[in-house]
Every structure is written in structure tokens, then in C-alpha cells.
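Descriptive analysis of the structure
So the chains spell out like this:
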Amino acid sequence: MVTSAAQNVEQYLAELPDDRRDVMTAMRKLIRRHLPKGYVESMTYGMILYGIPLETYPNTYNNQPLGYVALAAQKNYYALYMFAYADEAAVAEMRAGFQAAGKKLDMGKSCVRFRKLDDLALDAIGTAIASTPPDRFIELYEAVRAETKTAAKKKKSA
């Protein structure tokens, strides 16, 4: 994974070659246009992160803002990390949107990989981003954390 030491988004974008900056800028605009209120843009983990700031929700497992969407320019592709994947309905709707648009969804566990904007069903991405307001995302996060703790306890006692 390629990461950046940039301290802010503008610095991160300035590091990129023009063609890659254009793609990242377009994706940034798409994200910001669909992002529910309450998420904040920052540079975290060497990529652009849209998350819930620690001032709002400090109970994260890693003492970092609770990440909802992140965007990175990797060496050979771009990655859109969508933690909205915690909401299975949003994922199903995004898959259907890609299929309806005739686009191949290159999706990992928590990211959509693409080489150019034309690879994406942008409307489906926008809908997925808009699908989960911060309060709902915190509920999903806490449910996953509770499941993880329960599974760890069961494994430890076995």
C-alpha cells in the first residue's frame, strides 16, 4: 500500500501527478457531495479520510477518528475504502447499482479498487456514501465491536 506523509488534503493532492490528481479531485467532490453531515475530512493513515472526529466519538479501538470513507491513490490503482460495508443493505444496493450500470465491481473486504473513473458506477457509490448518517454508523460500529469481543471471549475460553 502506498501511503503519504502529507499533513493535509491539499498537500496530498499536490504530491500527485496531474492525471492522478484529477481523478482524486473528482472522487473527493463526489464523496463530499454525498457525505452526510457530521463526518469530517482529514488525512489519516496516509490517505484522505472522512470520519467521525474523536471529539464526537472518542471510544474507538485505536484512538483514531472513526473512519467511514477513505480515498487513496495506490501505486497501480485507486482505492475507495467504504466502511459503510458494515451495512449489508447498502452493500447490496451498491452491487445492484454496479450491475445495472454494466460495471464490474472490483471490491475487496472494505475497498473498491479502480483504475479510472469510468470503471465506477458513480451514482451507486454516491448512494452508498449517503446511506449512513454518523449516528447509524456508530450503532453499526458498536455492534461489530460487541460481536468481536464476544467471539474473542468464546475463543479464549475454548
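The rules behind each value
Every chain's residues receive numbers from 1 upward, in the order its sequence appears when written. Totals for whole chains, interfaces and linings use every residue, but because this is a predicted model, local features are given only for residues with pLDDT of at least 70 and side-chain atom pairs only at 80 or more, for both listing and counting. As a convention, hydrogens and water are excluded, and side-chain values are obtained from all of the structure's heavy atoms. To obtain each axis, a line is fitted to C-alpha atoms, and for helices this fit is confined to the stretch in contact; angles are then taken between N-to-C directions over 0 to 180 degrees. Every helix listed is a DSSP run of H or I at least four residues long, and every strand listed is a run of E at least two residues long, numbered separately from the N terminus. Should an angle fall under 35 degrees it is taken as roughly parallel, and over 145 as roughly antiparallel, whereas 65 to 115 is taken as roughly perpendicular and any remaining angle as oblique. Here is the rule for handedness: rotate from the far helix to the near one, and if that takes an anticlockwise turn smaller than a right angle the crossing is left-handed, while a clockwise turn gives right-handed. The contact rule is simple, with two residues in contact once any of their heavy atoms fall within 4.5 Å. Gly is put with the polar residues, along with every residue not named as nonpolar or charged; the nonpolar set is Ala, Val, Leu, Ile, Met, Phe, Trp, Tyr, Cys and Pro, and the charged set is Asp, Glu, Lys and Arg. Per-residue accessibility, obtained with a 1.4 Å probe over protein chains only, is compared with the maximum for each type, and a residue is labelled buried under 20%, exposed over 50%, and partly exposed between these values. Multiply 1.5 Å by the residue count of a helix minus one, and that product is the helix's expected span. It is the directions from the helix axis to the C-beta atoms that the arc portrays. Take the buried Ala, Val, Leu, Ile, Met, Phe, Trp, Tyr and Cys residues and link them wherever side-chain atoms come within 4.5 Å; each set so joined is a nonpolar core. We treat two strands as partners when DSSP finds at least two bridges between them. The term salt bridge refers to a side-chain nitrogen of Lys or Arg lying within 4 Å of a carboxyl oxygen of Asp or Glu. Predictor confidence is given residue by residue as pLDDT, running from a minimum of 0 to a maximum of 100.

Our focus in this paragraph is the packing of helix 2 (residues 18–34) against helix 4 (residues 122–130). For any two helices packed against each other, the geometry comes down to the angle between their axes and how far apart the axes lie. Closest axis-to-axis distance for the helix 2/helix 4 pair is 8 Å, and the angle between their directions is 45°. The angle between the axes of helix 2 and helix 4 places the two elements in the oblique class. In terms of crossing hand, the pair formed by helix 2 and helix 4 is right-handed. The segment helix 2 lies against helix 4, with Met-27, Leu-30, Ile-31 and His-34 engaging Leu-122, Ile-125, Gly-126, Ile-129 and Ala-130. Residue composition of the contact of helix 2 with helix 4, by class: seven nonpolar, two polar and no charged.

Here Ala-72 shows up in strand 3 (residues 66–73). Once the C-alpha coordinates of Ala-72 and Leu-30 are considered, the two residues, 42 residues apart in sequence, prove to be 14 Å apart. Apart from residues no more than four positions distant in its own chain, Ala-72 is found in contact with Tyr-12, Met-24, Met-47, Tyr-78, Ala-79 and Tyr-81.

This part is about unusual backbone geometry. Backbone geometry at Tyr-45 places phi at a positive 55°, although glycine is not the residue there. Assignment of secondary structure puts Tyr-45 in the loop between strand 1 (40–44) and strand 2 (47–52). For Tyr-45, a relative accessible area of 49% translates into the label partly exposed. Even without being glycine, Asn-63 reaches a positive phi, approximately 60°. Within the secondary structure, Asn-63 is located in the loop between strand 2 and strand 3.

In this section: helix 2. Across its 17 residues, helix 2 extends 25 Å between first and last C-alpha, which sits within 8% of the 24 Å expected from 1.5 Å per residue. Residues of helix 2 that are buried include every one of Arg-20, Val-23, Met-24, Met-27, Arg-28, Leu-30 and Ile-31, and no others. All buried residues of helix 2 lie within an arc of 160° about the axis, which places them on one face of the element. Opposite the buried face of helix 2, at more than 90 degrees from it, the exposed residues are Asp-18, Asp-19, Asp-22, Lys-29 and Arg-33.

Formed by 48 residues in total, the largest nonpolar core has its most connected members in Tyr-12, Met-24, Ile-48, Leu-80, Met-94 and Ile-125. Looking at this core, the element that brings in the most residues is strand 3, giving seven residues.

Our focus in this paragraph is the sheet that holds strand 1. Strands sit in the order 1-2-3-4-5 across an open sheet of five strands; the sheet is antiparallel. Strands at the two margins of the open sheet, each flanked by one partner only, are strand 1 and strand 5 (111–114). Each strand axis lies, on average, 20° off the axis of its neighbour in the sheet, ignoring direction. Pairing of strand 2 with strand 3, which is carried by five bridges, proceeds in the antiparallel orientation. Residue Tyr-50 lies in a different strand from strand 3, and its bridge partner there is Val-69.

Note that side chains of opposite charge can pair when their charged atoms are close. Using the criterion set out here, one finds eight salt bridges in the structure. Residue Glu-41 pairs with Arg-32 through a salt bridge whose shortest N-O separation is 3.1 Å. Taken together, the shared-partner salt bridges connect Glu-10, Arg-28, Arg-32 and Glu-41 into one network.

Let's shift gears to the confidence of the model for the protein chain. Of the residues in the protein chain, 96% reach a pLDDT of 70 or more, and the chain-wide mean stands at 90. Element-level mean pLDDT values for the protein chain span from 83 in helix 5 (residues 134–157) up to 97 in helix 2.

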